[in-house]
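In case you want the letters, here they are:
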Amino acid sequence: MRFSHAIVRKPCKNFTEGLSSAGLGKPDYSLALRQHHEYVRALEICRLEVTVLPPDEEYPDSTFVEDTALLTRYIAITTRPGAESRLGEINEVHRAVGSYYENIFTIHEPGTLEAGDVMMAGEHFYIGISERTNREGARQLLQILEHHGITASLVEVPGMLHLKTGISYLENNTFLAVDTFRMHPEFRHRNIIPVPNHEAYAANSLWVNGMVLVPQGFPITLKNIRNTGYETIELDISEFRKLDGGLSCLSLRF
Ligand code: CIR
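Below is a summary of the structure that appears in this document. Owing to the predicted nature of the structure, the values given are computational and were not obtained by experimental measurement.

## Structural notes on helix α6 (residues 219–227)
Because each turn of an α-helix spans 3.6 residues, side chains separated by three or four positions end up pointing in the same direction.
Then comes step 1: Among the residues of α6, Thr221, Leu222 and Ile225 are the ones counted as buried. Taken down its axis, α6 places every buried residue within 100° of arc, on the same side. Away from its buried face, by an angle of more than 90 degrees, α6 presents the exposed residues Pro219, Lys223 and Asn227.
Then comes step 2: Its buried side turned inward, α6 meets β10 (174–177), β11 (191–194), β13 (211–215) and β14 (231–235).
Then comes step 3: Looking at the residues trailing α6, positive phi occurs at Gly229, about 110°.

If you want it as structure tokens, here you go:
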């Protein structure tokens, strides 16, 4: 899989009011802007053409664009966030995605789905059932994917925000995962780079065109990824972590 584009959205001034369970304090807005800028540069280094959407002041969490859409090779699906304060983010994203996709499907009530719960692993998709993605939302997505010849399976997500909070696919049949998913029947026999519990945040690292973006400050995971043969870029995203966001949440890659 190669990506050519990414969509990101600049954090808005209200960003500091975003949803959070991290207990790490309020983010610093100007530092968040600088970190976001570095994130965009990293995507460009990975040879992506990046569309930067303007801040959307109405939605504090709107910089976490990943949750609002799933972009596959041929079709796009806009989601229906389980967090009520995020429901309205979809309208703008639908418009932005419309510049690139003819076929856009949607998730409808009573389904909820956030694409932080959707992991693409080659031709197969894993859909997490979490506090944000319910069974009905997952069922609707499964149906849309299968209708287009794409296979998917459902995975329970215990005790974390999204599926990709705890596991990432780094292509080459390789996953990066915390213990919860290393032991999971769905992944037990897969090739997994382990993430130690005290570095759990680094399980959300991001493969882009052969490089892996890794959050700064997780030396064991960084070393393990490098030892597996990947080139890495470390990025400081401390201000996004304060709102439970990781590297993947900040962009849609396609
Ligand atoms: C939220 O709670 O919805 C945001 N503060 C963080 C979303 C993170 N998104 C992701 O992991 N895909």
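## Quick look at the packing of aromatic side chains
Then comes step 1: A complete count under the given rule lists 12 aromatic pairs for this structure.
Then comes step 2: A centroid spacing of 6.3 Å and a plane angle of 75° characterise the contact between Tyr126 and Phe175, whose relative ring orientation is edge-to-face. Of this pair, Tyr126 sits in strand β7 (residues 124–129) while Phe175 sits in strand β10, and the two are 49 residues apart along the sequence.
Then comes step 3: Since its relative accessible area comes to 0%, Phe175 is described here as buried.
Then comes step 4: Grouped by ring-pair contacts, the aromatic residues Tyr126, Tyr169, Phe175, Phe181 and Phe187 constitute a single cluster.
Then comes step 5: Sitting over the ring of Tyr201, Arg241 keeps its end group 4.6 Å from the ring centre.

## What to know about the site of the ligand
Then comes step 1: Residues in close proximity to the ligand total 14 residues, the closest being Leu19, Asp61, Asp67, Leu243 and Cys249.
Then comes step 2: Between a nitrogen atom of the ligand and a main-chain N or O atom of Leu19, the distance comes to 2.8 Å.
Then comes step 3: Across the shell around the ligand, the residue classes break down as five nonpolar, three polar and six charged.

How each quantity is defined
Residues numbered from 1 in each chain as written. Predicted model: local features only at pLDDT ≥ 70, side-chain atom pairs only at ≥ 80, totals over all residues. Heavy atoms only, no water. Buried < 20%, exposed > 50% of the residue type's maximum accessible area, 1.4 Å probe, protein only. Helix = DSSP H or I, 4+ residues; strand = E, 2+ residues; numbered from the N terminus. Arc of directions from axis to C-beta. Contact = heavy atoms within 4.5 Å. Phe/Tyr/Trp six-rings, centres within 6.5 Å; stacked < 30°, edge-to-face > 60°. Lys NZ or Arg CZ within 6 Å of the ring centre and 35° of its normal. Near = heavy atom within 4 Å. Polar contact = N/O pair within 3.5 Å; in protein donor to acceptor, adjacent residues only side chain to side chain. Nonpolar A, V, L, I, M, F, W, Y, C, P; charged D, E, K, R; others polar.

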